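Spelled out from the first residue to the last, the chains are:
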Amino acid sequence: MKETTYKQLTGSEKELLEQAKLAGDNFFNKKGTRHVGAALLCNDGKIYLGSSIRRTNVSNSTCAERMALDKAIFDKNYDYEMIAVIGFFDGKMENEIISPCGLCRQILSEAENYSGERRKIKLLLANEDFSKIIKTDSQEIFPISYQAKSYEKPNNLQPNH
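Here the structure is a predicted model, which is why all the values come from computation and not from measurement.

**Student:** Lay out the overall build of the chain in plain terms, naming residues and giving numbers.
**Tutor:** The helix and strand tally for the chain stands at four helices and eight strands. Going from the N terminus to the C terminus, the chain shows its helices and strands as β-α-β-β-β-β-α-β-α-β-β-α. Looking at the chain alone, contacts between residues at least 24 apart form 65% of all its contacts between residues at least 6 apart. Carbon and sulfur atoms make up 51% of the accessible area of the chain, which totals about 9,400 Å².

Following this line, the structure appears as structure tokens:
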């Protein structure tokens with residue numbers, strides 16, 4: 001993990017953070033305003049946005065990262081370059097950075113393989129005013145992830161020739 005500044009980012013990294021910030025405005029949280037925005041950049045240049053949806057039961061909630069990734073999957077886009085994640089904290093703890101939860105870490109780890117070739121997904125994690133930014137990747141935040149072989153066709157499902 002590497003801490004960086006907004007000024008040191010590339011133009012596309014800045015754009016992705018700005019998109020994640022805009023996505024955060026679409027949050028749903030009946031009990032508060034703490035929320036997250038995410039922007040997923042695919043290798044074809046398309047950006048998918050996501051925002052946190054907090055319901056009464058946390059297990060029924062949706063994380064911003066998952067929403068952005070699921071939108072890409074819905075479009076059959078499986079090749080990911082980078083995801084930016086921004087946390088908003090009700091005017092409290094503005095300097096805090098949101099890091100993906102355990103479930104999102106696992107999902108990002110699995111998404112490394114969706115294109116058919118395992119590749120790290122770069123991550124930009126930032127607070128709401130971009131005064132704190134961390135650059136990392138899906139393997140660094142979740143180094144020993146569960147890697148199911150279920151994405152490969154078992155031999156018994158191969159067509160007979």
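**Student:** Could you give me a rundown of the pairing of strand β7 (residues 122-127), with the residues and numbers involved?
**Tutor:** Most of β7 sits out of view: five of its six residues are buried. The sheet contact formed by strand β6 (residues 80-88) and β7 spans six bridges and is parallel. What sits directly across from Ala84, in β7, is Leu124. Examined bridge by bridge, β7 and strand β8 (residues 133-137) share five bridges and lie antiparallel to one another. Opposite Lys122, over in β8, you have Asp137 as the bridge partner.

**Student:** Would you mind going over the pattern of salt bridges in detail, with residue names and values included?
**Tutor:** Applying the stated criterion across every chain, the model contains six salt bridges. A salt bridge links Lys122 to Glu81; the nearest nitrogen and oxygen atoms lie 2.6 Å apart. Highlighted residues: Lys122 in strand β7 and Glu81 in strand β6, separated in sequence by 41 residues. According to the relative accessible area criterion, Lys122 is partly exposed, its value standing at 38%. Overall, the relative accessible area of 26% leaves Glu81 in the partly exposed class. Residue Asp137 is joined to Lys120 by a salt bridge in which the shortest nitrogen-to-oxygen separation is 3.8 Å. Of this pair, Asp137 sits in strand β8 while Lys120 sits in the loop between α3 (102-111) and β7, and the two are 17 residues apart along the sequence.

**Student:** Could you give me a rundown of unusual backbone geometry, with the residues and numbers involved?
**Tutor:** A positive phi angle, close to 60 degrees, is found at Lys76, a residue other than glycine. Its place among the elements puts Lys76 in the loop between α2 (64-74) and β6. Even without a glycine there, the phi angle at Phe130 is positive, about 65 degrees. Residue position: Phe130 is located in the loop between β7 and β8. A relative accessible area of 10% means that Phe130 is categorised as buried.

**Student:** Describe the packing of aromatic side chains, and please don't skip the residues or the numbers.
**Tutor:** Scanning the model with the defined rule gives two aromatic pairs in all. For the pair Tyr6 and Phe130, a centre-to-centre distance of 5.2 Å together with 5 degrees between the ring planes defines the contact as stacked. Here the residue Tyr6 occupies a position in the loop between β1 (2-4) and α1 (11-24), and Phe130 occupies one in the loop between β7 and β8, the gap between them amounting to 124 residues. When the ring of Tyr80 is compared with that of Tyr114, the centres are 6.4 Å apart and the planes differ by 75 degrees; the resulting orientation is edge-to-face. One end of the pair, Tyr80, is in strand β6; the other, Tyr114, is in the loop between α3 and β7, and 34 residues separate them in sequence. Given a relative accessible area of 5%, Tyr80 falls into the buried group. The ring centre of Phe130 lies 5.0 Å from the NZ or CZ of Lys21, which sits over that ring.

Rules behind the numbers
Residues numbered from 1 in each chain as written. Predicted model: local features only at pLDDT ≥ 70, side-chain atom pairs only at ≥ 80, totals over all residues. Heavy atoms only, no water. Helix = DSSP H or I, 4+ residues; strand = E, 2+ residues; numbered from the N terminus. Contact = heavy atoms within 4.5 Å. Areas by Shrake-Rupley, 256 points an atom, 1.4 Å probe, with all protein chains shown as cover. Buried < 20%, exposed > 50% of the residue type's maximum accessible area, 1.4 Å probe, protein only. Pairing = 2+ DSSP bridges. Salt bridge = Lys/Arg side-chain N within 4 Å of Asp/Glu carboxyl O. Phe/Tyr/Trp six-rings, centres within 6.5 Å; stacked < 30°, edge-to-face > 60°. Lys NZ or Arg CZ within 6 Å of the ring centre and 35° of its normal.

Bear in mind that shape data such as this cannot, by itself, settle questions of function.
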